[in-house]
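Here is what each chain is made of, one letter per residue.
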Amino acid sequence: MRKPHPGGGTEKLPMTEPAPREMRLMRASCRRGTAACPIRSCDQRGWKAEQPAGRWGGAGSPAPTLQCPSPGVLPPSLPAMAHAARLLAALAALLAAAATGDARPSKIAVVGAGIGGSAVAHFLQQHFGPRVQIDVFEKGTVGGRLATISVNKQHYESGAASFHSLSLHMQGFVKQLGLRHRREVGGRSAIFNGENFVLEETDWYLLNLFRLWWHYGISFLRLQMWVEEVMEKFMRIYKYQAHGYAFSGVEELLYSLGESAFVNMTQRSVAESLLQVGVTQRFIDDVVSAVLRASYGQSAAMPAFAGAMSLAGAQGSLWSVEGGNKLVCSGLLKLTKANVIHATVTTVTLQPTEGKPLYRVRYENEAGTGSDNYDIVVIATPLHLDNSSTIAFEGFDPPIDVVQGSFQPTIVSLVHGYLNSSYFGFPDPKLFPFANILTTDFPTFFCALDNICPVNISASFRRKQPQEAAVWRVQSPQPLLRSQLKTLFRSYYSVQTAEWQAHPVHSPHTPLPRFTLHDQLFHLNALEWAASSVEVTAVAAKNVALLAFNRWYQDLDKIDQKDLMHKVKTEL
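Residues numbered from 1 in each chain as written. Predicted model: local features only at pLDDT ≥ 70, side-chain atom pairs only at ≥ 80, totals over all residues. Heavy atoms only, no water.

So, about the sheet that holds strand β19 (residues 407–419). Judged by pairing direction, the sheet is mixed, and its seven strands sit side by side in the order β9-β8-β20-β21-β22-β19-β23 without closing on themselves. Two strands lie at the open edges of the sheet, namely β9 (197–200) and β23 (489–504), each paired on one side alone. Between one strand and the next, the sheet's axes are offset by a mean angle of 20 degrees, whatever the strand orientation. Where β19 and strand β22 (residues 470–476) come together, seven bridges link them in antiparallel fashion. Bridge pairing links Val415 to Trp472 in β22. Together, β8 (188–192), β9, β20 (434–439), β21 (448–451), β22 and β23 form the strand contacts of helix α10 (residues 281–295), whose direction differs from that of β20 by roughly 100 degrees. (Pairing = 2+ DSSP bridges. Helix = DSSP H or I, 4+ residues; strand = E, 2+ residues; numbered from the N terminus. Axes fitted to C-alpha atoms, helices over the stretch in contact; angles between N-to-C directions. Contact = heavy atoms within 4.5 Å.)

Okay, here's the thing in structure tokens:
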């Protein structure tokens, strides 16, 4: 007999070991002392049932053992008995699935081939095995918000430009795909308020700290401690996921990480939270707001949880992928051997069936329209853009409830030209020292300005000097007017733009959505309503893959556990 294995393939069940019901009978017989236990390695002093590797404890985890008391020995503790009951129930479910044949889903649909769609396709194949067909629908180009633009025969990042050093899923993808980190070329940063620089970075670390203390007291230390506390709790998600736990809603996930404190952080602003821990209003206005504008295009009025994720990226070391960050998406799809269908999904319909549900996905492209049935469907794209739903759901009772909200448009302009350093108070361009400029609430027409490097950096590459023509990346809420370009640049050769619905407009009043839309219909992008970044999307992808796997095999003990922090300390 065989049972499905989360890593793919099947695992032989030893026929010499009895079924769970027989185990209970033998255990009772052993306890009465009337018969010898026929289970392997049981000698009346203590029997054990070996757990299949990878199902409960994850790869490399020791298998728990269930001790059978011999006559005259006290029974095990109640927690141990409860743990044994859960293991036996899960084993019985797997044996029942194996008895009915190959119970894997035959076809899975993923809508969207950005980092979320490509990551969830990879994780789904890891859990269900290589025999499951995975179709990935993409109406644009693979990579989504990870994209590049070609300028003067060189490629530059136009989407997410870098990742935090604690982005463990992204680090794992790069290692698994054999990609390399791009060599970083250092540059100094400054914050501009429309008239002058309120904060300037130097090449000396201690001098930077002194300037922060001189201007803002210990606010920067209080900010750092606040962010580190949030990140320390958020990092628990990797341990939970390594042991197969998943969450059906965003609120359940946040509560498992930081209990009610994390949930409350989605309902109060960054400014309010920081003021409460002793950060000054001046530091929030000058520094915190500038970081949030550069990353989210939003102010310190946004929710504290999303703000903490953004501020963490500003404090840690950053890295990017040699050749372009989008190589992670194409690499994962190639590794998964997913079938990429270039089409727009229009409708998902629940089909009338007995047993597990079946979903009909309708799509259209240049060749016309088409449709196919799937056992599992994962939506890895926003469900509500420009005040309209992107996908229609039919046949569901009750109807699918989609969180309605707006997205923050971000315009990325790559300008090849000469910076107008006089606008920033440096008449002589040779003396302009900064490669990265953040802004406060003023000026309003741009959020950040960066002297960027191509995605392929040779050993001899050097950053362009301020008086030389360079490629500058300008982030703005609206397309730059010609007069605004003339304000920032003395002259330029070319301007190429990309427009993104980059992040939700985070609001403390937005309800937290659910990953599970129906039995085997999931919305991966639900998590971006709490916080939005590439790594957060990869975390959501892993969660949805585990959620689909656990729901498919009815391993409900792995879903929405409320005491995981206690389990981590005692069992995991």
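Our next topic: the nonpolar core. Residues Leu124, Phe128 and Phe234 are the most contacted members of the largest nonpolar core, which totals 100 residues. Looking at which element gives the most residues to this core, the answer is helix α14 (residues 534–552), with 13 residues. Both domains that furnish three or more residues to this core are identified here as domain 1 (105–140 + 321–404 + 506–569) and domain 2 (146–163 + 181–225 + 255–320 + 406–502). Sequence-distant contacts of Phe234, defined by excluding residues within four places in its chain, comprise Leu257, Phe262, Phe305, Met309, Val536 and Val539. In this structure, Val111, Ala343, Ile379 and Ile400 belong to the second largest nonpolar core, which totals 21 residues. (Core = buried A, V, L, I, M, F, W, Y, C linked by side-chain atoms within 4.5 Å. Buried < 20%, exposed > 50% of the residue type's maximum accessible area, 1.4 Å probe, protein only. Domains from an automatic or database assignment.)

By the secondary structure assignment, Thr266 is in the loop between α8 (250–265) and α9 (270–276). Among the polar contacts made by the side chain of Thr266, one reaches the main-chain carbonyl oxygen of Val263 at a distance of 2.6 Å. If we skip the residues at most four places from it in the chain, Thr266 touches Leu254, Pro303, Phe305, Ser507, Pro508 and Leu512. (Polar contact = N/O pair within 3.5 Å; in protein donor to acceptor, adjacent residues only side chain to side chain.)

Moving on, we come to the sheet that holds strand β4 (residues 133–137). Hydrogen bonds between backbone groups are what pair the strands of a sheet, and the pairing can be parallel or antiparallel. The strand order β11-β4-β3-β15-β25-β24 describes an open sheet built from six strands, whose pairing is mixed. Every other strand in the sheet has two partners, leaving β11 (339–341) and β24 (516–518) as the edge strands with one partner each. The mean angle between the axes of side-by-side strands here comes to 20 degrees, regardless of whether they run parallel or antiparallel.

Structurally, Glu394 can be placed in strand β18 (residues 392–394). Along the primary structure Glu394 and Gln351 are separated by 43 residues, whereas in three dimensions their C-alpha atoms are 9.3 Å apart. Discounting residues that sit within four places of it in the chain, Glu394 has contacts with Thr347, Val348, Thr349, Leu350 and Arg362.

Our focus in this paragraph is the pattern of salt bridges. This model, assessed by the stated rule, comprises nine salt bridges. The closest approach of N and O atoms between Lys233 and Glu229, which form a salt bridge, is 3.8 Å. Highlighted residues: Lys233 and Glu229, both in helix α6 (residues 219–234), separated by four residues, approximately one helical turn. We classify Lys233 as partly exposed; its relative accessible area is 23%. A residue is classified by how much of its surface remains accessible, and Glu229, at 43% relative accessible area, is partly exposed. The residue Asp286 makes a salt bridge to Arg282 at a minimum N-O spacing of 3.8 Å. A residue pair is termed a helical-turn pair when its members lie 3 or 4 positions apart in one helix, as Asp286 and Arg282 do in helix α10 at four residues. A relative accessible area of 46% means that Arg282 is categorised as partly exposed. (Salt bridge = Lys/Arg side-chain N within 4 Å of Asp/Glu carboxyl O.)

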